[in-house]
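# Remarks on the overall topology
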Amino acid sequence: GAAGTAALGFAQSLTDMVRNYLPAQLLLGWVRPLMVSRYVENGDYAQLQRYANLILKANLMSLLPAAVLMLVCGDTLGHWLSGGRYPQMGSLLATLLCLLMLQTAHLVLSLVTLTIERAQANVRATLCACLALPLLPLLAQLAGISGVVLTLCLSELLWCGTVLLLLRRDGLAFHFDWYGLG
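As the structure is a computational prediction, the values presented were derived from the model and not from experiment.

Calculation criteria
- Residues numbered from 1 in each chain as written.
- Predicted model: local features only at pLDDT ≥ 70, side-chain atom pairs only at ≥ 80, totals over all residues.
- Heavy atoms only, no water.
- Helix = DSSP H or I, 4+ residues; strand = E, 2+ residues; numbered from the N terminus.
- Rg over C-alpha atoms; globule rule 2.2 N^0.38 Å.
- Buried < 20%, exposed > 50% of the residue type's maximum accessible area, 1.4 Å probe, protein only.
- Contact = heavy atoms within 4.5 Å.
- Areas by Shrake-Rupley, 256 points an atom, 1.4 Å probe, with all protein chains shown as cover.
- Lys, Arg positive; Asp, Glu negative; His and termini not counted.
- Charge placed at Lys NZ, Arg CZ, Asp CG, Glu CD.
- 1 Å grid on protein atoms, 1.4 Å probe; cavity = no way out; pocket = protein on both sides within 12 Å on 5 of 7 lines; lining within 4 Å.
- Points joined across faces, edges and corners; volume = space filled by probe spheres on them.
- Nonpolar A, V, L, I, M, F, W, Y, C, P; charged D, E, K, R; others polar.
- Expected span 1.5 Å × (residues − 1).
- Phe/Tyr/Trp six-rings, centres within 6.5 Å; stacked < 30°, edge-to-face > 60°.
- Salt bridge = Lys/Arg side-chain N within 4 Å of Asp/Glu carboxyl O.

Glancing now at the overall build of the protein chain. Counting its secondary structure elements, the protein chain contains nine helices and zero strands. The helix and strand sequence of the protein chain, counted from the amino end, reads α-α-α-α-α-α-α-α-α. For 182 residues, the compact-globule estimate of 2.2 N^0.38 gives 16 Å, and the protein chain sits close to it at 18 Å. With respect to the principal axes defined by its C-alpha atoms, the protein chain has extents near 55 × 30 × 30 Å. When burial is assessed residue by residue, the protein chain has 39% of its 182 residues classed as buried. Considering only contacts within the protein chain whose residues lie at least 6 apart along the sequence, 75% involve residues at least 24 apart. Total accessible area computed for the protein chain in this model is approximately 9900 Å², and 67% of it derives from carbon and sulfur atoms. Across the protein chain, the centroid of the 10 positively charged side chains sits 2 Å from that of the 8 negatively charged ones.

This is the structure:
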């Protein structure tokens, strides 16, 4: 409905504002040339992975606490920021921040694929990510606005998974530093 769409638009605008100030977004113009020059200089894929994991950690360091904050007091914050129009925004904002975490992984993997000149992986992954879109009406019916965001999360998971599989197939498996992320 109109109220749900307005709430989603409001929450998405807040999330976009957060994304614009994430370290990876702010430093993208500096990080990408650095990654390309380092990779071209020595062809060290492991070093490229370390840079990518560093970028991912820098973003998640602020997104994880923000998502937890939204789960705990997001309703109050959403009510305050929206001037009382959207009193129950906590779970939606937390879900959108989880989507933003997946988009950060998308950005990092995209930087890697472009650096190693495997841009076709991005195109194939985008086509695979579209497979989640038919679920949108069903999840929207079942879970409302959160179902829409969950569909977007599933789409991002498909994108990232496809890129990881294509890199592995080419013998360039990307490994996330799960211990460091933890």
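Let us look at the layout of surface pockets. Approximately 270 Å³ is the volume attributed to the largest pocket. When residues of the lining of the largest pocket are traced back to their parent elements, those giving at least two are helix H4 (45-81), helix H5 (90-115), helix H8 (145-169) and helix H9 (178-181). The biggest single contributor to the lining of the largest pocket is H5, with five residues. Classifying every residue of the lining of the largest pocket by side-chain character gives 14 nonpolar, no polar and no charged. Considering only enclosed or pocket space, the second largest pocket measures out at about 180 Å³ in volume. Taken together, Leu14, Thr15, Met17, Val18, Ser62, Ala66, Met70, Leu77, Leu81, Leu93 and Leu97 make up the full set of residues lining the second largest pocket. Counting only elements with at least two residues in the lining of the second largest pocket, the list comes to helix H1 (2-20), H4 and H5. Element by element, the count of residues in the lining of the second largest pocket is highest for H4, at five residues.

This paragraph deals with helix H3 (residues 28-42). Helix length check: H3, at 15 residues, gives a terminal C-alpha distance of 21 Å against a target of 21 Å (1.5 Å per residue), a fit within 8%. Two residues or fewer past H3, Gly43 is found with a positive phi of approximately 65°.

What follows deals with the packing of aromatic side chains. Describing an aromatic ring pair means giving the distance of the ring centres and the angle of the ring planes. With the rule as written, the count across this model stands at three aromatic pairs. Through a chain of ring-to-ring contacts, the aromatic side chains of Phe174, Phe176 and Trp178 assemble into a single cluster.

This brings us to the pattern of salt bridges. For the coordinates displayed, the defined rule picks out five salt bridges. Across the pair Lys57 and Asp177 runs a salt bridge whose closest N-O atoms are separated by 2.6 Å. Residue Lys57 is found in helix H4, and its partner Asp177 is found in the loop between H8 and H9; the two are separated by 120 residues along the sequence. A relative accessible area of 26% places Lys57 in the partly exposed class. Ionic contacts of the salt-bridge type, sharing partners, join the residues Arg118, Arg169 and Asp170 into one network.

Positionally, Asn59 belongs in helix H4. Here Asn59 falls in the buried class, since its relative accessible area comes to 1%. Excluding anything up to four places from it in sequence, Asn59 contacts Leu22, Pro23, Ala24 and Thr104.

A few words now on the side chain of Thr95. Topologically, Thr95 is positioned in helix H5. If we ignore the near neighbours within four places in the chain, the residues touching Thr95 are Val149, Leu150 and Cys153.

This part covers the environment of Lys57. With 125 residues separating them in the primary sequence, Lys57 and Gly182 have C-alpha atoms 9.4 Å apart. With residues up to four places along the chain from it excluded, the contact list for Lys57 reads Asp177, Gly180 and Leu181.

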